[in-house]
Amino acid sequence: MGWREAVEGALGVTVLRAEPVGGGCIAHASRVETSGGAVFVKRGTGDVARALIAEAAGLRELSAAGTSLVVPEPLALIEAPEAVLVLPWIETGRPDAAAWNRFGIGMAELHSHAVQRFGLKEDNYIGASEQENGWMADWPEFFLKRRILPQVALARSIGRWPARLDGALERAVDRIARILPDLARGRLLHGDLWSGNVMFSQHGRPVLIDPAVYFGDPEADVAMTRLFGGFDARWLAAYDDAAGGPPPNREERHLAYNLYHLLNHLNLFGGGYQGSVEASLREIGGR
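Per chain, the residues get numbers from 1 upward, laid out in the order the sequence is written. Residues qualify for local features only when their pLDDT is at least 70, as the model is predicted, and side-chain atom pairs are given and counted only at 80 or more; totals for whole chains, interfaces and linings, by contrast, use all residues. Side-chain measures here rest on the full set of heavy atoms in the structure, leaving out hydrogens and waters.

> Just checking my understanding: could you explain the pattern of salt bridges for this structure?
When the charged atoms of two side chains with opposite charge come close together, those side chains can pair. In what follows, salt bridge is the name for a side-chain nitrogen of Lys or Arg lying within 4 Å of a carboxyl oxygen of Asp or Glu. Within this structure, the stated rule accounts for 17 salt bridges. The shortest N-O distance in the salt bridge between Arg31 and Glu91 comes to 3.5 Å. Here the residue Arg31 occupies a position in strand E2 (residues 28-34), and Glu91 occupies one in the loop between strand E5 (83-88) and helix H3 (97-111), the gap between them amounting to 60 residues. Relative accessibility decides the category of a residue: with a 1.4 Å probe and only protein chains considered, values under 20% of the type maximum give buried, values over 50% give exposed, and everything between is partly exposed. Classification of Glu91 as partly exposed rests on a relative accessible area of 38%. Taken together, the salt bridges that share partners define one network made up of Arg31, Glu33 and Glu91. Elements are defined by DSSP. Helices are runs of H or I of four residues or more, strands are runs of E of two residues or more, and each kind is numbered from the N terminus.

In structure tokens:
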């Protein structure tokens, strides 16, 4: 049975036509017209299939938080022989100031959902990379053992970690252990909050897609919005106002949290990110 038949069987519709679209960095992505309206379909096998299954779980986790943000809940998830994730089709628009304010308020709402530990009950993916999430009681320990060190180990194993970075890594790890807050609770995070994973509907409502959810420090989400750009500054002003103001040592935290994403990009895309990783390590470690 092909993906078209799978979609028809899951939704009880007839597939009329399909057009490839963006939004499938690791999966095949299509806008699919059906007798019941348009849907967004992502599909793939192997690691891509596992990532799609994790994506569906992450979207459900975000949706269950019940915030003012739009989260497209899966309409169907077919897991075999090819994973097929079916989501509502959302017509997009250009955000204005009010839309960015709504995004900031919505993210503060999302980050208000808390548990008394860090991680998630199961591992998931950030892009094409596996992301470890086993629960831990200590936030700095979680971030080092579940985020930074696994990425470094992967970089070593695929030949993208020069030995000359070992000293800078040691100093950065020591610094990260001291600057990250001793949080009492983990907050629900999107986990991969770059501009490509935030959309705005034609009515100006912010939409979250492609999550890598876990419970941690909200500043980990905030940090990523500043790493690659694409976010209007008004969102952060609205967020801070709704969240009770900026936290202490925000800049230091952001350096640490964005090191994770730089390491991930080094592993996914190669040596072009090696200089950024090295600069980040030395800035964090102070030498």
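We are not done yet, so read on.
> It is not clear to me how the packing of helix H6 (residues 218-225) against helix H7 (residues 234-243) should be interpreted in this structure. Could you clarify?
Geometrically, a packed helix pair is captured by the angle between its two axes and the distance between the axes. Axis angles are defined between N-to-C directions and span 0 to 180 degrees, where every axis is a line fitted to C-alpha atoms and, for a helix, only to the segment in contact. Viewed as axis vectors pointing N to C, H6 and H7 meet at an angle of 165 degrees, and their least axial separation amounts to 11 Å. Overall, the two elements H6 and H7 adopt an arrangement that is roughly antiparallel. Viewed along their axes, H6 and H7 form a crossing whose handedness is left-handed. In this structure, H6 contributes Pro218, Glu219, Val222 and Thr225 to the contact, and H7 contributes Trp235, Leu236 and Tyr239. Note that Gly is not counted as nonpolar here; it falls among the polar residues with everything else outside the nonpolar set of Ala, Val, Leu, Ile, Met, Phe, Trp, Tyr, Cys and Pro and the charged set of Asp, Glu, Lys and Arg. A class-by-class count of the residues in the contact of H6 with H7 yields five nonpolar, one polar and one charged. Just so you know how the angles are binned, under 35 degrees is roughly parallel, over 145 roughly antiparallel, 65 to 115 roughly perpendicular, and the rest oblique. By definition, any crossing whose near helix is turned counterclockwise from its far helix by less than a right angle is left-handed, and any crossing with a clockwise turn is right-handed. What makes two residues a contact is simply this: any of their non-hydrogen atoms within 4.5 Å.

> Just to check I follow, could you spell out a negative patch on the surface for this structure?
Like charges within 9 Å and nonpolar side chains (Val, Leu, Ile, Met, Phe, Trp, Tyr) within 5 Å are joined into patches, using only residues over 30% in relative accessible area that form no salt bridge. Residue burial considers only the protein chains on display, and all accessible areas are found by Shrake-Rupley using a 1.4 Å probe. All tallies of charge rest on Lys and Arg as positive and Asp and Glu as negative; His and the ends of each chain are not included. Think of each charge as sitting on NZ of Lys, CZ of Arg, CG of Asp or CD of Glu. Together, Glu122, Asp123, Glu130 and Glu132 make up a negatively charged patch on the protein surface. By relative accessible area, which is 60% here, Glu130 ends up exposed.

> Would you explain the packing of aromatic side chains in this entry?
By convention, a stacked pair of Phe, Tyr or Trp rings (six-membered ring in the case of Trp) has centres within 6.5 Å and planes under 30 degrees apart, an edge-to-face pair has planes over 60 apart, and any other such pair is tilted. Applying the stated criterion across every chain, the model contains 17 aromatic pairs. Centroid distance Trp135 to Phe215: 6.2 Å. Interplanar angle 35 degrees. Geometry classified as tilted. Within this pair, whereas Trp135 is found in the loop between strand E8 (129-131) and helix H4 (139-157), its partner Phe215 is found in strand E12 (residues 214-216), the two being separated by 80 residues in sequence. Given a relative accessible area of 27%, Trp135 falls into the partly exposed group.

> Hey, could you run me through the pairing of strand E9 (residues 186-189) in this one?
For a regular strand, side chains alternate in direction, first toward one face of the sheet and then toward the other. Any two strands with at least two DSSP bridges between them are considered paired. Bridge analysis of strand E6 (residues 114-115) against E9 gives two bridges, and the strand direction is antiparallel. Across the sheet, residue Val115 finds its bridge partner in E9, namely Gly186. Inspection of the sheet shows E9 paired to E12 by three bridges, in the antiparallel sense. The partner of Leu188 across the bridge, within E12, is Phe215.

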